[in-house]
Amino acid sequence: MEKEIIISKKAPIAIGPYSSALKIGNLVFTSGQLPIDPVVGEIVEGEIEAQAKRSLENLKAVLESYSIGMEDVVKITIFLKNMDHFSRVNKIYGEYFTDQFPARSCVEVARLPKDAAIEIEAIAFCEKIK
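This structure is a prediction, so every number in the text was calculated from the model and none was measured. (Residues numbered from 1 in each chain as written. Predicted model: local features only at pLDDT ≥ 70, side-chain atom pairs only at ≥ 80, totals over all residues. Heavy atoms only, no water.)

A. Focus on the pairing of strand 4 (residues 73–80). The buried fraction of strand 4 amounts to six of the eight residues, a majority that puts the element mostly inside the structure. Two strands pair when backbone bridges link them, and strand 4 and strand 6 (residues 118–125) are joined in this way by seven bridges, in the antiparallel orientation. Its bridge partner being in strand 6, Ile-78 is matched across the sheet by Ile-120. As paired strands, strand 4 and strand 5 (residues 103–108) are joined by six bridges and run parallel to one another. Of the residues in strand 5, the one forming a bridge with Thr-77 is Ser-105. Crossover strand 4 to strand 5 through helix 2 (residues 86–96) is right-handed. (Buried < 20%, exposed > 50% of the residue type's maximum accessible area, 1.4 Å probe, protein only. Helix = DSSP H or I, 4+ residues; strand = E, 2+ residues; numbered from the N terminus. Pairing = 2+ DSSP bridges. Right-handed = clockwise from strand over helix to strand, strands pointing away.)

Listed below in structure tokens is the structure:
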């Protein structure tokens, strides 16, 4: 199978030598999406809710470049700098996933790129095969 890489113009550019996502077969694997405002290229200001929302919006933009939506996500991994934010992030997460929830892991980490408070990655199913 061939890898397909599409760069979303609505999501922040990668901050290193990696792709924001790639598709192989029926699966799309995203890199971790930081709460970076794609217009200014900086971490959004505000509480964890603002950062969670921005990370999820960035994830949504990356998936849209493959013509799939959040309903196609089958696995999510959330990296939190502070697990005390879990319930607050969960509330924002529930605005993006309302039924047929994807499998999910949430882990606390010591540090994230750009000192973000959150990073979210996903695996999604795409019915269209090249």
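B. Representation of helix 1 (residues 48–64). Its 17 residues give helix 1 an end-to-end C-alpha distance of 24 Å, which sits within 8% of 24 Å, the value for a rise of 1.5 Å per residue. The elements touched by buried residues of helix 1 are strand 2 (21–24), strand 3 (27–30), strand 4, helix 2 and strand 6. (Expected span 1.5 Å × (residues − 1). Contact = heavy atoms within 4.5 Å.)

C. Examining the packing of aromatic side chains more closely. On inspection of all chains with the given rule, the structure shows one aromatic pair. For the ring pair Tyr-93 and Phe-97, a centre distance of 4.7 Å and an interplane angle of 35° mean the geometry is tilted. Positioned over the ring face of Tyr-93 is Arg-104, at 4.4 Å from the centre of the ring. (Phe/Tyr/Trp six-rings, centres within 6.5 Å; stacked < 30°, edge-to-face > 60°. Lys NZ or Arg CZ within 6 Å of the ring centre and 35° of its normal.)

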